[in-house]
Amino acid sequence: MVVDAKVENVHRVDVGVGRLIVDGTGAAVELPTRGIGSTERRHDGDEKVTGAAIYAAEAPPVGTLHGVLVGAPVARGQVRSIDARPALAQPGVVQVILPEDMPELGDVFVPPFAMSFIPMTDETVRYEGQPLAIVLAETLEQAEHGAALVAVDIATEEPVTFETGEVSTPVSEGNGYAFSALDTDHGDAEAALADAAAVVEADYVAPSRHHNMMEPSATLAEWRNGELHMHDSTQWTYGIRYALSGLLRMDPGAIHVRCPYTGGGFGAKGYVWPHQLLAPIAARIAGRPVKIAIGRDGCYTGTGYQPVVRSRIRLGAGTDGRLTAIVHETENVTSRFDDYVEFGSAGTRSLYACPNVRTSTRIVSADVNTPTAMRAPHEGPGMFALESAIDELSYDIGMDPLELRLANHAESDPHTGKPFSSNRLRDAYAEGARRFGWDARPPGTRARIEGHKLIGSGMAAAIMSTFRFSSSARVCLASDGTLRVEAGTQEIGTGTRTIFPQIAAERLGISAEGIDMRLGSTELPETGGTFGSSSTISVGSAVAHAADDLHQRLATLAGGEVPPRDQWADLLSRNGIAELIGEGGFTLPGEAAFDAHGGAGAHFMATWGAVFVEVEVDEGLGLARLRRCVACYSAGRILNPVTARSQMIGGIIWGVGRALLEESAMDPRYGRYVSKNLSGVHLPINADIPQDIDVAFIDEHDPHASAIGVRGIGELGEVGVAAAIANAVYHATGRRVRDLPIKFEHLIG
Ligand code: MOS
């Protein structure tokens, strides 16, 4: 089936999805009707929309106590006393757990624990919302009421924030949050800047934002025969096991974590946060199961956030547009106790061919919670800065922004010198520009006016780190002929349950129909976390190998050729086998557990994209709106165009939020977020998002990234969108906004 690559409106139309995969010249690529690449629908769609899917907080066993954390009301100080008596006097309140009730804890490993400080272990308040006590009650309402009555006396001190804190000297290398060199220096950027025909120098700010996933984090902890059983909403079941085995000094095998569904996460559920330690501790003390659901406000204090990143960019270029110098210095906020780094320059090192590149990563320690990864970490805030600066350079030298990027396209990784595993960004530029109609764009600003609206278009390149984790999986054939894929991995809404059976089906040469998927449990084969856009590449490869192993076992059993699918049950029963299990693993070069950018191998790996947008700006109202978006990606093989497209659209909407709406404003006087409820937080809603979002993927197979040819996509879609929108706003109005989100005051007057 070959279908037309031209899709007028892929966001609205029911996808005949072959159109989403193109060969770089605009021609559509033929798609298979089954297995990988076919448009298999989401297997768990029905369960989710009908409510049959059971999430962590939804099915507590009889006798479960509700735990509510009493959070510090100030960001900095010393606890003088905590009086639990008013809470204990309330009906239904069973117990209030105080710091003196805490057991002695073992080692904390960061990661998988999200932060090195464990609450309720001393008197110091380090951030607002820091847990100080746990109220346990028969009902949630009773626990919440009790928590409100716990009297905490704190000697308050003035908090330090990003605005008032000091910028660090270099961050210590080898801290748990760094996945590659923090500072890099190639050539002589200062000398090149001094000689450059054109120089752009500017500061850009991408503010702190919170994940605000649909399902706020929740956990249920139950002790049975000395073993811990948790039903958690997580992106990493095994991470919980490892974090808690250190802290609770337990055999990892005695900690059982299940998470059949995760209601979104975007990074907030990647590592392990205090409530996931406090619930099991409370359950052990109380002798009953304990559930802690941190709620929407808990998303602001109980887990992490994307920290504000200030980027200082300096670009030097010749009159031909060739970059001669790139300097990208970043500063992000972090807690006093953790040097969390947001690698704003991670992509900058590798996107453009330039002989003189210097990057630095600095932090500002403040009285705030530790940040964490949030879609898209690092490149998300960083590429807003770089890709805005490239746009500024294009106007300075009078060169089309796309031409300028093409003139600086890197043919191998400028930072490591390694060849790319695969990079079809050039094709993505061409295809995106063709679909968008970039050629028709007037070069100057304020060139298109419709009534009281200014119309502008802009573009940006996207680059996202490729992460891989060693992982394992099983494919099991039961004696009744049913097939099941098993892996410990989590489903955070990306389509995992759908694509892994597709992978197994393709390797086995059969239809994916009816292949079951079991995931989300430490009782299943170990995998890495569902973050860093790494699950498909890592777990998917393990599934492929497990299917190959099963195929081999079938062949052996049959004494040669594998018989047709409908004879497999017979084959097993003839041989008296109850279940035939294929096992597979994804192993990184050198047996590394984790790999960023292909670091363990001979190739540099990243994913790439070209984002084109059209905006309309009403300067009377101070309002900018996205009209349409075309995005084309080079991201490795696309296994399922339906779920892949959904991921990219989600990422693009995420980027629209960054560009136009989202900012977790902190009151610097108190070190507290101004709003911790969606009623006071601007997020994109349907009315903010145009129907016209056109996503395409360049047909690609990356043999170096994985046996199945894929890299990763979940976070890439967010990257570049904010810069493209800011660049389009400049094109529309001549107003350059370097401080996100783009607001009323940037556009009016
Ligand atoms: Mo993603 S922010 O690494 O869950």
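Summary of the structure given here. (Residues numbered from 1 in each chain as written. Predicted model: local features only at pLDDT ≥ 70, side-chain atom pairs only at ≥ 80, totals over all residues. Heavy atoms only, no water.)

Quick look at the overall build of the chain
A tally of helices and strands in the chain yields 17 helices and 29 strands. For 749 residues, the compact-globule formula gives about 27 Å, and the C-alpha radius of gyration of the chain, at 26 Å, lands near that figure. Counting only C-alpha atoms, the chain reaches 75 × 70 × 50 Å along its principal axes. In the structure as shown, the chain presents an accessible area of about 26400 Å², 49% of it carried by carbon and sulfur atoms. Across the chain, the centroid of the 63 positively charged side chains sits 3 Å from that of the 94 negatively charged ones. (Helix = DSSP H or I, 4+ residues; strand = E, 2+ residues; numbered from the N terminus. Rg over C-alpha atoms; globule rule 2.2 N^0.38 Å. Areas by Shrake-Rupley, 256 points an atom, 1.4 Å probe, with all protein chains shown as cover. Lys, Arg positive; Asp, Glu negative; His and termini not counted. Charge placed at Lys NZ, Arg CZ, Asp CG, Glu CD.)

With respect to helix α5 (residues 237-247)
Where burial is concerned, most of α5 is hidden: 10 out of the 11 residues are buried. Taken together, the buried positions of α5 are occupied by Thr-237, Tyr-238, Gly-239, Ile-240, Arg-241, Ala-243, Leu-244, Ser-245, Gly-246 and Leu-247. Next to the buried residues of α5 lie β11 (227-232), β12 (255-258) and α6 (274-286). At the exit of α5 stands Arg-249, carrying a positive phi of roughly 50 degrees. (Buried < 20%, exposed > 50% of the residue type's maximum accessible area, 1.4 Å probe, protein only. Contact = heavy atoms within 4.5 Å.)

Side note on the pairing of strand β23 (residues 579-586)
Burial along β23 is one-sided: Leu-580, Gly-582, Gly-584 and Phe-586 are buried, while Glu-579, Ile-581, Glu-583 and Gly-585, pointing the other way, are not. Judged from the 8 bridges that link them, strand β20 (residues 471-478) and β23 form a sheet pairing that is antiparallel. Looking at the pairing, Arg-474 lines up with Glu-583 of β23. (Pairing = 2+ DSSP bridges.)

Things to note about the side chain of Arg-362
Topologically, Arg-362 is positioned in strand β16 (residues 357-366). Owing to a relative accessible area of 18%, Arg-362 belongs among the buried residues under this scheme. For Arg-362, the side chain forms a polar contact with the side chain of Asp-183, separated by 2.8 Å. Non-local contacts of Arg-362, meaning those with residues more than four positions away in its chain, are made with Val-167, Ser-168, Thr-169, Pro-170, Val-171, Asp-183, Thr-330, Glu-331 and Asn-332. (Polar contact = N/O pair within 3.5 Å; in protein donor to acceptor, adjacent residues only side chain to side chain.)

Re the packing of aromatic side chains
The relation between two aromatic rings is expressed through the spacing of the ring centres and the mutual angle of the planes. A full pass over the atoms with the stated rule returns 23 aromatic pairs. Measuring from centroid to centroid gives 4.8 Å for Phe-179 and Phe-343, while their planes differ by 50 degrees, and the two rings are tilted. Within this pair, whereas Phe-179 is found in the loop between β7 (151-156) and β8 (184-186), its partner Phe-343 is found in the loop between β15 (323-335) and α8 (348-351), the two being separated by 164 residues in sequence. Measuring from ring centre to ring centre gives 6.0 Å for Phe-436 and Trp-438, while their planes differ by 50 degrees; the resulting arrangement is tilted. Connected via pairs of aromatic rings, a cluster forms that spans Phe-179, Trp-236, Tyr-271, Phe-343, Phe-467, Phe-469, Phe-531 and Phe-594. If you follow Arg-126 out to its NZ or CZ, it ends over the ring of Phe-117, 4.0 Å from the centre. Stacked on the ring of Tyr-670, the Lys or Arg Arg-672 has its end atom at 5.0 Å from the ring centre. (Phe/Tyr/Trp six-rings, centres within 6.5 Å; stacked < 30°, edge-to-face > 60°. Lys NZ or Arg CZ within 6 Å of the ring centre and 35° of its normal.)

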